Amino acid sequence: MARFVDRVTLHVTAGAGGHGCASVHREKFVPLGGPDGGNGGRGGDVVLVADPGVHTLLDFHHRPHATAANGRPGQGSFRNGANADDVELAVPEGTVVLDEAGEILGDLTGPGARLVAVRGGRGGLGNAALASPARKAPGFALLGEPGDTRDLVLELRSMADVGLLGFPSAGKSSLVSVLSAARPKIADYPFTTLTPHLGVVSAGESTFTVADVPGLIPGASGGKGLGLDFLRHIERCSVLVHVVDCATFETDRDPVSDIRALEHELASYTPALRASGMGTDMSSRPRIVALNKVDVPDAAELAELVRPDVEAFGWPVVEISTAAHTGLRELSFLMASAVEEARASVIHTAPPRVVLRPTAVDDSGFTVETDTGDDIDPADGPAWRVRGEKPERWVRQTDFTNDEAVGYLADRLARLGVEEALAEAGARPGDMVTIGIHTFDWEPSTPAGVAALGGGVVQGNRGTDARVGNAGYAERSSAAERKAARKDRRRHRDDAELGIPSWVDGGDPYDDLVADDLITEEDEG
């Protein structure tokens with residue numbers, strides 16, 4: 001048996017980016033071919049797409065997890081990894097996407113409307129892309145970013161022009177069945193309708209849709225009965241029709257009190273779309289009152305008796321009978337007229353323009369704040385946390401098993417101004433600094449960071465490269481010292497500096513040459 005599901009929780013995970021490749025070109029007779037590592041591919045996104053051919057969220061009820069593929073890693077010879085394909089999930093028109101906190105992320109109302117639920121991670125750069133005049137042969141590559149993951153709530157809200165209001169067994173399903181080709185379940189017990197049904201109605205040149213939704217009872221706006229399911233599906237209806245049961249056997253009910261009870265629930269219910277600025281208040285929508293079951297003599301007398309009181313609400317009133325097909329033509333044309341007026345009053349806005357908001361000139365892209373987390377022990381000294389998209393992404397993409405990669409991260413953070421900001425905030429060497437999920441013992445590693453602390457701090461090592469014997473930048477001689485050493489190696493040296501005795505000193509140079517095996521006795525003769 002087919003099931004109608006209009007609310008599900010969906011767990012979505014985007015694909016991770018592929019890692020960059022650290023490779024050196026190798027070719028015969030080419031000892032130093034240079035870096036040739038390719039970039040990693042982008043991870044796949046998870047995208048929700050409104051599809052007119054989908055009418056329920058049942059598929060997500062049975063399969064609540066959606067995961068996109070990861071990007072391929074880069075390879076040598078400048079081969080970039082392939083980007084992963086996006087995963088597109090078809091959802092019904094009228095699906096509203098909410099996050100865990102209940103905030104609306106998107107409203108998929110038109111065919112083909114798209115919403116990127118989670119984005120895939122960026123691929124890491126290979127060492128070929130990281131090469132620069134100062135770092136000609138990087139021995140590292142950047143890691144791919146992990147994809148986003150989140151839990152979403154999907155709610156289906158019917159896309160109908162007319163919504164039928166009424167107590168259980170008021171005759172809403174029967175009305176839809178005689179006005180359209182829809183065939184909802186009809187029975188003589190309350191809450192026969194458990195799921196909404198849509199019917200297409202034609203009246204003259206107008207064609208519109210009518211929604212038959214579960215019945216309403218007092219307290220529905222607070223979640224009693226099926227009220228929330230009922231109210232959710234009439235949020236988008238432009239016209240509301242009160243279907244009043246004039247042949248009810250309940251002595252404490254009458255048409256006027258039924259209408260007032262329904263209006264009280266509508267006033268107590270705050271549509272989520274209106275609360276988010278994406279909809280309008282239901283109290284402003286046109287109403288029509290249909291006094292149903294007038295084929296029953298007692299019901300006809302009651303309808304005639306209460307009609308003046310019902311007309312006092314200021315809405316059109318029509319007496320109908322779904323069994324005898326009485327008043328249906330008048331009702332359908334009233335609904336068509338109200339729908340046409342509602343459609344004409346809709347303001348058609350121009351397509352949204354792309355708005356570029358450049359970063360402010362005083363926006364550094366990060367903030368430094370005191371870390372007061374539960375896992376921070378005050379006895380260990382002050383702790384700091386750096387927040388920002390760039391530094392957190394750079395940390396995620398760093399391979400901390402590679403000293404050169406750590407040095408590259410330190411250079412990037414220094415260029416961004418993180419060290420100066422930490423010093424200005426009061427950080428001292430040895431303090432704990434957290435960026436993303438990683439915590440470091442901060443040591444100034446650039447001249448700017450050392451200068452910001454007022455001197456007296458020894459500059460640390462920004463990272464070493466195992467290929468050059470773990471020689472750190474801090475121990476490297478200055479340019480003047482290297483220039484003086486080069487000139488000293490090239491200058492002319494006499495015999496005394498070379499350690500060769502001269503005949504001026506009373507020695508025999510030939511004896512010294514023979515002793516040093518520089519010439520033989522035959523050469524001397």
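Residues numbered from 1 in each chain as written. Predicted model: local features only at pLDDT ≥ 70, side-chain atom pairs only at ≥ 80, totals over all residues. Heavy atoms only, no water.

A. Molecular detail of the sheet that holds strand S6 (residues 104-108). Sheet architecture is open: five strands sit in the order S3-S1-S8-S5-S6, paired in mixed fashion. Bordering the open sheet on either side are strand S3 (65-67) and S6, each of which pairs with just one other strand. Pairwise comparison of adjacent strand axes, ignoring direction, gives a mean angle of 25° for this sheet. Two strands pair when backbone bridges link them, and strand S5 (residues 95-98) and strand S8 (residues 149-156) are joined in this way by four bridges, in the antiparallel orientation. The partner of Thr95 across the bridge, within S8, is Leu156. (Pairing = 2+ DSSP bridges. Helix = DSSP H or I, 4+ residues; strand = E, 2+ residues; numbered from the N terminus. Axes fitted to C-alpha atoms, helices over the stretch in contact; angles between N-to-C directions.)

B. The sheet that holds strand S9 (residues 162-165), seen in detail. Across the sheet, which stays open at both edges, the six strands sit in the order S10-S11-S9-S12-S13-S14 with mixed pairing between neighbours. Bordering the open sheet on either side are strand S10 (197-203) and strand S14 (317-319), each of which pairs with just one other strand. In this sheet, neighbouring strand axes are inclined to one another by 25° on average, regardless of whether the strands run parallel or antiparallel. Inspection of the sheet shows S9 paired to strand S12 (residues 239-245) by four bridges, in the parallel sense. Within the sheet, the bridge partner assigned to Leu164 lies in S12 and is Val241. Sitting on the sheet, helix H5 (residues 255-268) is in contact with S9, S12 and strand S13 (287-292), with an inclination near 140° to S12. (Contact = heavy atoms within 4.5 Å.)

C. Here's a closer look at the nonpolar core. If you look at the biggest cluster of nonpolar residues, it comprises 23 residues, and the most contacted ones within it are Val162, Leu164, Leu175, Phe208, Val241, Leu331 and Met335. Here this core gets six residues from one element, more than from any other, and that element is helix H8 (residues 328-345). Apart from residues lying up to four places away in sequence, Leu175 is in contact with Leu164, Val243, Ile320, Thr322, Leu328 and Leu331. Leu10, Val12, Val97 and Leu108 belong to the second largest nonpolar core, which has 21 residues in total. (Core = buried A, V, L, I, M, F, W, Y, C linked by side-chain atoms within 4.5 Å. Buried < 20%, exposed > 50% of the residue type's maximum accessible area, 1.4 Å probe, protein only.)

D. Spatial organisation of the environment of Phe366. Within the secondary structure, Phe366 is located in the loop between H8 and strand S15 (367-370). Relative accessible area serves as the criterion here: at 9%, Phe366 is assigned to the buried category. Along the chain, Phe366 and Val418 lie 52 residues apart, while their C-alpha atoms are 8.0 Å from each other. In contact with Phe366, not counting residues within four places along its chain, are Val386, Arg387, Gly388, Pro391, Leu416, Gly417, Val418 and Ala421.

E. Broad picture of H5. Here H5 contains 14 residues, and its C-alpha end-to-end distance of 20 Å stays within 8% of the 20 Å for a straight helix at 1.5 Å per residue. Along H5, the residues that are buried comprise Pro255, Val256, Asp258, Ile259, Leu262, Glu263, Glu265 and Leu266. In this structure Asp254 caps H5, since a side-chain oxygen of it lies 3.0 Å from the backbone nitrogen of Val256. (Expected span 1.5 Å × (residues − 1). Polar contact = N/O pair within 3.5 Å; in protein donor to acceptor, adjacent residues only side chain to side chain.)

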